[in-house]
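Structural overview for review
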Amino acid sequence: QGQGQGGHRRFLERCARERRLDLALEYVAGVPDNVRLYSVLLGCLNRQRDLGGVQRVLRELHARGHEPNAWALTAVVSAAGKAGDVEAAEAAFREARRLACATTAVHNALADAYGRAGRVDSAFALVAEMLSRGDPEALPDSTTFNSLIQAAGRAGDLPRARATYHRMRASGVRPTERTFSILLAAAAKHGPRLTAAPSSQQQQPSAPSPGRAAAPAAGPSPASHDNTESREGMESHQHGGCTAGEARGANHVLVEEEEEVLGPGDLAR
């Protein structure tokens, strides 16, 4: 077949998109030293949210006498989490533990699965365990903390999301653009609403307009009805789907002051 890894990946991605798993498995079986390709195929199926396909490939991998690696099991845990099957995610995580390949990525996939299922305490307990174990192959990173912040935000627990952000900073983990996007979305959805500052063109002071509905956590903000709203709408894409007024309110989440910061034991509360 004479293709490099890039060619193999492109072919398997297409098979996953078109739900031609039989062809993909036949292709992988025909490639010498193909264990890595099973992991690639699992990743492709995970991106298509095809849990059934992921589980079938995992069975095929086992049937051929191969052990899945961390990359493969991360895809399995992630696909199960996206499908809302926490039990399947936990089972794949236990297999990673058994094979001594429960890396940071595998833990992150399970934390995300818990967050999607609304099991916020389970996500925080998992990360608290990561910290207590101190395994250099499974230390929390920005993705770990982002998953916790998002889980708390989805649950409407803005103080916990804020405390986790500060814990992230205190741990020496640098926030990413996604960190701020998640916090802004959570604050826009669950935090206090602030009205926009009056325009300099306004001659007479006026009372703030009634509270505007918060923008959705992702995607563009709703159409606006006056000049101030229009300016805010234009800025919405720069603030994770929030309008400028909501972003100013969300900024309170990120204020650098003496905040209560979650300690290692508090992550499992």
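Residues numbered from 1 in each chain as written. Predicted model: local features only at pLDDT ≥ 70, side-chain atom pairs only at ≥ 80, totals over all residues. Heavy atoms only, no water.

1. Focus: the pattern of salt bridges
Tallying each qualifying case throughout the model produces twelve salt bridges. For R47, the salt bridge goes to E13, with nearest N and O atoms at 2.5 Å. Of the two residues, R47 is situated in helix α3 (residues 35–47) and E13 in helix α1 (residues 5–17); the sequence distance between them amounts to 34 residues. For R47, a relative accessible area of 46% corresponds to the partly exposed category. E60 is paired through a salt bridge with R64; the nearest N and O atoms lie 2.8 Å apart. Classification of R64 as partly exposed rests on a relative accessible area of 43%. Among the ionic contacts, a cluster of salt bridges with common partners joins E67, E95 and R98. (Salt bridge = Lys/Arg side-chain N within 4 Å of Asp/Glu carboxyl O. Helix = DSSP H or I, 4+ residues; strand = E, 2+ residues; numbered from the N terminus. Buried < 20%, exposed > 50% of the residue type's maximum accessible area, 1.4 Å probe, protein only.)

2. A few points about the state of the cysteines
The full count for this structure, using the stated rule, is zero disulfides. A disulfide-free cysteine, C15 has its sulfur positioned 8.9 Å from the sulfur of C44, the nearest such atom. Relative accessible area serves as the criterion here: at 0%, C44 is assigned to the buried category. (Disulfide = S-S within 2.5 Å.)

3. Some remarks on the packing of aromatic side chains
The tally for this structure, following the rule as stated, stands at two aromatic pairs. A cation over an aromatic ring shows up here: R160 above the ring of F124, its NZ or CZ 3.9 Å from the ring centre. (Phe/Tyr/Trp six-rings, centres within 6.5 Å; stacked < 30°, edge-to-face > 60°. Lys NZ or Arg CZ within 6 Å of the ring centre and 35° of its normal.)

4. Some thoughts on helix α6 (residues 86–98)
End to end, α6 covers 18 Å across 13 residues, agreeing with the expected 18 Å (1.5 Å per residue, within 8%). Residues V86, A88, A89, E90, A92, F93, E95 and A96 constitute the buried set of α6. Buried residues in α6 make contact with α4 (51–63), α5 (70–82), α7 (104–116) and α8 (120–133). Two residues or fewer past α6, A100 is found with a positive phi of approximately 55°. (Expected span 1.5 Å × (residues − 1). Contact = heavy atoms within 4.5 Å.)

5. With respect to the packing of helix α2 (residues 21–29) against α3
At a closest axis distance of 10 Å, the pairing of α2 and α3 adopts a crossing angle of 160°. In terms of orientation, α2 and α3 fall into the roughly antiparallel class. With respect to the hand of their crossing, α2 and α3 are arranged in right-handed fashion. Residues L21, A24, L25 and V28 of α2 touch α3, and the partners they reach there are L37, Y38, L41 and L45. Among the residues forming the contact of α2 with α3, the class breakdown is eight nonpolar, no polar and no charged. (Axes fitted to C-alpha atoms, helices over the stretch in contact; angles between N-to-C directions. Parallel < 35°, antiparallel > 145°, perpendicular 65-115°, else oblique. Left-handed = near helix turned anticlockwise from the far one by under 90°. Nonpolar A, V, L, I, M, F, W, Y, C, P; charged D, E, K, R; others polar.)

6. What about unusual backbone geometry?
Unlike most non-glycine residues, R19 shows phi in positive territory, near 55°. Turning to its location among the elements, R19 is positioned in the loop between α1 and α2. Given the relative accessible area of 49%, R19 is considered partly exposed. For A100, which is not glycine, the phi dihedral falls at a positive 55°. The residue A100 is located in the loop between α6 and α7 in this model. The class for A100 is exposed, based on a relative accessible area of 74%.

7. A closer look at the nonpolar core
L12, L41, V57, V77 and L110 are the most contacted members of the largest nonpolar core, which has 60 residues in total. Here the element with the most residues in this core is α5; it accounts for eight residues. Not counting residues within four places of it along the chain, the set of residues in contact with L12 comprises A24, Y27, V28, L37, V40, L41 and C44. (Core = buried A, V, L, I, M, F, W, Y, C linked by side-chain atoms within 4.5 Å.)

8. Points about the side chain of S142
Its location among the elements puts S142 in helix α9 (residues 142–154). The exposure class of S142 is buried, given its relative accessible area of 18%. Excluding residues that lie within four positions of it along the chain, S142 makes contacts with M168, V173, R174 and T176.

9. Things to note about the packing of α8 against α9
Where α8 meets α9, the closest approach of the two axes is 9 Å, and the angle between their N-to-C directions is 155°. With respect to α9, the axis of α8 lies roughly antiparallel. In the packing of α8 onto α9, the handedness of the crossing is left-handed. For the pair formed by α8 and α9, the contact residues are V120, A123, F124, V127 and M130 on the first element and T144, L148, A151 and A152 on the second. A class-by-class count of the residues in the contact of α8 with α9 yields eight nonpolar, one polar and no charged.

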